[in-house]
Amino acid sequence: MSESSTRVQRLLNSVEVWGNKLPDPAALFILLLAFVWALSFALSGIDFNAIDPRTGEALIIHNQLSGSAITQFFSSVVTNFSHFHPVGVVLVAMLGIGVAEYSGFINAGLRALMAVTAKWLLTPMIIMVGIVSHSAVDAGYVLVIPLGGIIFYAAGRHPLAGIAAAFAGVSGGFSANFVPSSLDPMLQGITQAGAQLLDPNVVLNPLNNYYFTAISSILIICLGWFITDKIVEPKLKENALDGDLEDLPTMEPLEDDEKKALRWSLLSILLFVVILTLTSLSDGSAWRGDDGTLTAFTAPLMKSIVSLIFMLFLIPGLVYGFAIGKIRSSKEFIAGMSKAMETMGYYLVIMFFIAQFIYSFGQSNLGILLAVKGAEFLKAMALPSGVTIAGIIFLTGFINLFVGSASAKWALLAPIFIPMLMQLGISPDLAQAAYRIGDSSTNIITPLMPYFPLVVVYCQRYVKDAGIGTLTAMMLPFSISFLVLWTIFLLVYWTIGIPLGLQSSYEYLP
């Protein structure tokens, strides 16, 4: 092992050791909640001479320790948790996945997949599947990431490396996709609104970054492949497997009855997809949005993704269970769902405190202050265009450590960044592409990202003492590499003059 590799391993070991000394994730968010309360109290009387881009009024920090804020907090505790989006997404999807896993369908499907996939191609395959999963909103977090660990384990590789590769594709490469998703029109709409503050005639194409994000997927797959196999997995040899591994799939060939049951279950998936496709083809389909499209964020099809994933696993899981004899009554059917929920207790505890933290952080306006002041600082620097673009990416990556939602963060930043950059001759399309890189690259190293604790739970299935430090140390090489090399890639891409996506309509000059 080279001296540089040894230094990297020592650094990652230090990150893991110190990261795991942090309190339990649930306790960490209790401390962060208290910190937000205290900080909002300390800053509430200060005039920051900043404008809230949402209202156009002076930006103030709301004291979360005031009487009205405290009573509002306690009256909202239940709804903060029950309406917290990631909770419903995970639990509903896990009900269907639980049946598929209990019946043996996932086990058989993975063994069949392993039989036709070369071992050396597992890493890029998992990353690619993670990237494609963006089209299904948050499905990758509850589907692809745990399957990454299972597939690596079944292949005789370290399962945490599979989780890391899948996490890198699903979250680190969130804005790299060759399949259009609901994120494209959602960000485009916010970007267009920001541009129209300066020029009302600006009209952006919903796929204004499509060429760039499609080509970026190749970059993310290659980078993720190298980092997983050459940096992360060698280090994980130190992490012995001591979790409950009894129910995980192995590499034994499928028996004849398993092959038959698998064929019937795959046929049921095909039938489900055909019915879904046929019912969505007509212009008047109930699956389509008001504008007649299927991919709009508000289209019933996109809003039903989690429910469809539930059905996509429930149906073949039941078919496989009946065919193989594992499910003969409603008791076994419900047992599969119940077993899946048994593993979610710790996740729900963490999500309860995350929901309360995010509520208070949002109410305080601390995140908005951070975004506004950061953008003002960047504007005051008056740097060359290329350096400004890189600055936008790194500033977004930093803010992303504290404000996770891609749409909410861009809704705050776009009214500031877009007009500012247009005056510097930088197009809204390019500014949006820069934002997407920063928003994606640091997702995988921030415990404040709602799905981060869930990935920790996935790791603990194999290594009981895995914690925040373990996951952060695994993902740090991905995050740094994506942030730096993806930024360079965008700058080269822009300098060459390759179109970022489908043409938008604007002729604004500074």
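Residue indices begin from 1 for each chain and proceed along its sequence in written order. Totals for whole chains, interfaces and linings use all residues, but because this is a predicted model, local features are given only for residues with pLDDT of at least 70 and pairs of side-chain atoms are given and counted only at 80 or more. To get the side-chain values, all heavy atoms of the structure are used, and hydrogens and water are removed first.

Caption draft 1: Expanded view of the nonpolar core. By size, the foremost hydrophobic cluster in this structure holds 127 residues, and its most contacted members are Phe167, Met475 and Leu490. Contact partners of Phe167, with chain neighbours within four places excluded, come to Tyr141, Ile145, Gly172, Asn443, Ile444, Met449, Phe452, Val455, Leu471 and Met475. What is meant by a nonpolar core is a set of buried Ala, Val, Leu, Ile, Met, Phe, Trp, Tyr and Cys residues, joined one to another through side-chain atoms within 4.5 Å. Partly exposed residues are those whose accessible area sits between 20% and 50% of the maximum for their type, while under 20% is buried and over 50% is exposed, using a 1.4 Å probe and protein chains only. In this structure, Val99, Leu314, Ile327 and Met337 belong to the second largest nonpolar core, which totals six residues. The contact criterion used is simple: two residues touch if any of their non-hydrogen atoms lie within 4.5 Å.

Caption draft 2: A look at the packing of helix H6 (residues 122-132) against helix H8 (residues 144-154). Working convention: axes come from line fits to C-alpha atoms, limited for helices to the stretch in contact. Angles between N-to-C directions cover 0 to 180 degrees. A helix here means a DSSP run of H or I that spans at least four residues, while a strand means a run of E at least two residues long, and both kinds are numbered starting from the N terminus. One way to put it is that H6 packs onto H8 with a least axis distance of 10 Å and a crossing angle of 170°. Considering their axes alone, H6 and H8 lie roughly antiparallel with respect to each other. Crossing handedness for the pair H6 and H8: right-handed. Only Val144, Gly148, Ile151 and Phe152 of H8 make contact with H6, whose side of the interface consists of Leu122, Thr123, Met125, Ile126, Val129 and Gly130. Under the scheme applied here, ten amino acids are nonpolar (Ala, Val, Leu, Ile, Met, Phe, Trp, Tyr, Cys and Pro), four are charged (Asp, Glu, Lys and Arg), and all others, including Gly, are polar. Of the residues in the contact of H6 with H8, the class split is seven nonpolar, three polar and no charged. Relative orientations are named as follows: roughly parallel for angles under 35 degrees, roughly antiparallel for angles over 145 degrees, roughly perpendicular for angles from 65 to 115 degrees, and oblique for any other angle. Left-handed is the label given to a crossing in which the near helix is rotated counterclockwise from the far helix by less than a right angle, and right-handed is the label when the rotation is clockwise.

Caption draft 3: The arrangement of the packing of helix H20 (residues 428-441) against helix H22 (residues 468-496) in detail. For the pair H20 and H22, interaxial distance at closest approach is 9 Å and the crossing angle is 165°. In terms of axis orientation, H20 runs roughly antiparallel to H22. In this structure, the crossing between H20 and H22 has a hand that is right-handed. Taken together, the residues of H22 that come into contact with H20 (itself represented by Leu430, Ala433, Ala434, Ile437, Gly438, Ser440 and Ser441) are Ser479, Phe482, Leu483, Trp486, Thr487, Leu490 and Trp494. Partitioned by chemical class, the residues of the contact of H20 with H22 number nine nonpolar, five polar and no charged.

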